[in-house]
Amino acid sequence: RQDLFWKEDRPLAIAMENPLDTTMDVGSPSFRYSMIQRVFATSHKVLLAQLTAPELQGKSLLAAILPPYGDELWERQEAQQQQQREAVRKNTNNNKGNKR
């Protein structure tokens, strides 16, 4: 792969292989690589901190670095969690009734 993606004049360039055409480098027009490195480094630190001392209990780990916009996604997640709690409650009640 190095022969396809290495550019001697741009040693810090991002190389990203196109999954549909493995000979195409879709990262070649990239710039500001140092800023991208800082963003990934910061995101890594945030994720490690979230794993060590979670601030978003019950929320997506990815939401720590990519918070969803608007309330729709949180509302949808709350609705799913409510449905899951109701299903567990229903199963628990059914199992209690079967034991009698």
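Student: I'd love a proper account of the overall build of the protein, names of residues and values included.
Tutor: Regarding its fold elements, the protein presents three helices and zero strands. Out of the 100 residues in the protein, the part that is buried amounts to 9%. Taking the intrachain contacts of the protein between residues at least 6 apart in sequence as the baseline, contacts between residues at least 24 apart amount to 0%. In the structure as shown, the protein presents an accessible area of about 8800 Å², 56% of it carried by carbon and sulfur atoms.

Student: Report on a nonpolar patch on the surface, specifying residues and quantitative values.
Tutor: On the surface, Met16, Met24 and Val26 cluster together into a nonpolar patch covering about 250 Å² of accessible area. Residue placement: Val26 occurs in the loop between helix H1 (2-5) and helix H2 (33-52).

Student: Would you mind going over the side chain of Asp25 in detail, with residue names and values included?
Tutor: By secondary structure assignment, the location of Asp25 is in the loop between H1 and H2. A relative accessible area of 13% places Asp25 in the buried class. For Asp25, the contacting residues outside a window of four places in its chain are Phe5, Lys7, Ile14, Ala15 and Met16.

Student: Hey, could you go over the environment of Leu62 for me, with residue numbers and the actual values?
Tutor: Tracing the backbone through its elements, the reader meets Leu62 in the loop between H2 and helix H3 (72-99). It is 7.8 Å that separates the C-alpha atoms of Leu62 and Leu47, two residues lying 15 residues apart in sequence.

Parameters and conventions
- Residues numbered from 1 in each chain as written.
- Predicted model: local features only at pLDDT ≥ 70, side-chain atom pairs only at ≥ 80, totals over all residues.
- Heavy atoms only, no water.
- Helix = DSSP H or I, 4+ residues; strand = E, 2+ residues; numbered from the N terminus.
- Buried < 20%, exposed > 50% of the residue type's maximum accessible area, 1.4 Å probe, protein only.
- Contact = heavy atoms within 4.5 Å.
- Areas by Shrake-Rupley, 256 points an atom, 1.4 Å probe, with all protein chains shown as cover.
- Patch = residues over 30% accessible without salt bridge, like charges linked within 9 Å, V, L, I, M, F, W, Y side chains within 5 Å.
- Salt bridge = Lys/Arg side-chain N within 4 Å of Asp/Glu carboxyl O.

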